[in-house]
Amino acid sequence: MALYAFLEIFLIPICVICVCFLTFRAHKKSSVPTNWPVLGMLPAVLQNSHRIHEYATEVLTESNGTFEFKGPWFSNMDMLVTSDPANIHHVLSKNFSNYPKGPEFRKIFEILGDGIFNADFELWEFHRKATLSLMTQPNFYSFLEKNIWEKIEKGLIAVLDGFLETGVEFDLQDVFQRFTFDSICKLVLDYDPQSLSLDLPYIPCEKAFNGAVEALLHRHILPERIWKLLKWLQIGKEKTLMKAWKSFDEFIYPRVSINDGVEKDHEEYGFNLLKSFKRKYEEINNSSSRGDSRDFLRDTSLSLMLAGRDTTSTCLAWLFWLLASNPSAEMKIRQEIEDELHEKEDKKWRNFSVEESKKLRYLHGALCESLRLFPPVALEHKAPIRPDVFPTGNYIPENKIVLLSFYSMGRMKVIWGKDCLDFKPERWISQRGGIKHEPSYKFPAFNAGPRTCVGKEMAFIQMKMVAATVIYHYNIEVVKGHKVSASDSIIIQMKQGLRVKLSKRNLY
Ligand code: HEM
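Residues numbered from 1 in each chain as written. Predicted model: local features only at pLDDT ≥ 70, side-chain atom pairs only at ≥ 80, totals over all residues. Heavy atoms only, no water.

Where helix α8 (residues 172-189) meets helix α19 (residues 456-473), the closest approach of the two axes is 12 Å, and the angle between their N-to-C directions is 135°. One way to sum up the angle between α8 and α19 is to call them oblique. Between α8 and α19 lies a crossing of right-handed hand. Where α8 approaches α19, its residues Phe-176, Phe-179, Thr-180, Ser-183, Ile-184 and Leu-187 are matched on the opposing element by Met-458, Gln-462 and Val-466. (Axes fitted to C-alpha atoms, helices over the stretch in contact; angles between N-to-C directions. Helix = DSSP H or I, 4+ residues; strand = E, 2+ residues; numbered from the N terminus. Parallel < 35°, antiparallel > 145°, perpendicular 65-115°, else oblique. Left-handed = near helix turned anticlockwise from the far one by under 90°. Contact = heavy atoms within 4.5 Å.)

To continue, consider the sheet that holds strand β4 (residues 379-382). Taken in spatial order, the 4 strands of this open sheet run β1-β2-β7-β4, and their pairing is mixed. Every interior strand has two partners, whereas the edge strands, β1 (66-69) and β4, have only one. Along the sheet, successive strands turn relative to each other by an average axial angle of 20°, direction set aside. Pairing of β4 with strand β7 (residues 401-405) involves 4 bridges; the strand directions are antiparallel. Counterpart to Lys-382 in the pairing with β7 is Val-402. (Pairing = 2+ DSSP bridges.)

With respect to topology, 3 strands assemble into an open sheet ordered β3-β9-β8, the strand pairing being antiparallel. Only two strands of the sheet have a single partner each, and these edge strands are β3 (170-171) and β8 (474-478). Across 5 bridges, β8 lies against strand β9 (residues 499-504) in antiparallel orientation. Bridge pairing in β9 places Val-478 opposite Val-500. In this fold α19 packs onto β8 and β9, with an angle of close to 90° to the strand it touches most, β8.

Bringing the packing of aromatic side chains into the picture now. Enumeration according to the criterion identifies 17 aromatic pairs in this entry. Note on Phe-181 and Phe-251: the rings are 5.6 Å apart at their centroids and 45° apart in plane angle, and the pair reads as tilted. Residue Phe-181 is found in helix α8, and its partner Phe-251 is found in helix α11 (residues 236-261); the two are separated by 70 residues along the sequence. Using a relative accessible area of 0% as the deciding quantity, one classes Phe-181 as buried. Arranged with centres 5.5 Å apart and planes meeting at 45°, the rings of Phe-446 and Phe-460 form a pair that is tilted. With Phe-446 in the loop between α18 (413-416) and α19 and Phe-460 in helix α19, the pair connects residues that are 14 residues apart, well separated along the chain. Phe-460 shares its class with Phe-446; the two are buried. (Phe/Tyr/Trp six-rings, centres within 6.5 Å; stacked < 30°, edge-to-face > 60°. Buried < 20%, exposed > 50% of the residue type's maximum accessible area, 1.4 Å probe, protein only.)

Structure, rendered in structure tokens:
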């Protein structure tokens, strides 16, 4: 074991560094990695690990959208990476039953346990039905609407006005993450941790998500043996992941246990997500012998919290960064708010309903552009049960990892045209002025096929309410010299956050 550890910790990195250097010299012009003996293409990936999504886009562009990655020998890291819409459609919809997430996915995402993201087959069907049946309850959207406006008024506006008064610079991405964390906790656990308060309290569970999503991408890049060794040694990103795991458990278990005892629905709205999950769990548990219901509720809650916190806040942060360099688009959003939401004689701000949020078409287009250029879930991971052939002709043996790069898709001229890198909300407006529909295999920010995101509508409602409030009330200026880049993580957050300064708009 000691010799093994020595080899993996010292010799492999030394080889990798040497080979990185050679790779760099030999391949200045082409991004396509060299397939080295023993190490496969890993050196090029490690060399570009600080810009992995950009690098994947360069390689895929040079390879017509589909690329065979060769991992080090005996590492089980060979993968087929694709951003071709026909392949995406094939994997996510047409041949869905052949592409579960697979055992490798479950190993990487072990922290999510039996939650929906890790689940395949019957367990996934159970989660999917249960989650959808809760989200389609008649009172779900009125409950959501009330929660969002409360958080906007008591949390978001209070905190932003606080920054306005002191004139300090702050991280807008952090504010959005706190907003979505509080909102999703309220929805899932019926508990608002109030992380979005004037003193910006440190709540370990809230911050733990950032480290966890980075470590989870790392597990995609490193051979399994190496990340398992790092986990065993409790160093690097694996240490961060284990700390995050502890923070999640300490935050969620007590709430799940409390909710276990709660036998009362929200009287006003008839909605209690955890209680409904517990009931459903007991139903299936009568016929099977799954473990402790608290573990199951912990896994279910954590998955929904991850889905609800990181995706929406990331999209909002990128939207404001994109608007900062596209002031005319911001003007159009303000105009749309005035035209569509205000009574003619009364220009004052008021809350708007879920129904009214649908009138904000230009804002919808701007959010879609943010999702196209920076899809929060940057990649999807699958493994076929049976051998298959992609529409592009690539053969895939059973269990080979297939990576779908959603990030690269938004940046392909062949998919979005020559102006694919430009921010153009108009792209999403039809000739008749409605919202233009793009097929999900071309725009898979919310996934496609039977595993399409169940929170899509909820996310748009929340993002529109938050974005419209901020855009209408404040001028946002990105701090000069602040560098922005996408994090190397399964959720493309901003690596250095979004440092901004606020000024109040003169409205009335
Ligand atoms: C901008 C916001 C959002 C984006 C871009 C997004 C994107 C996605 C994507 C790409 C997936 C597929 C992930 C995978 O299979 O590995 C997914 C699944 C899912 N999302 Fe979202 N999501 C968003 C917001 C939300 C919200 C607010 C919720 C509510 C809690 C939510 C709940 C879910 C659930 C439960 C799944 C699993 C669906 C399944 O496997 O059948 N999402 N989402």
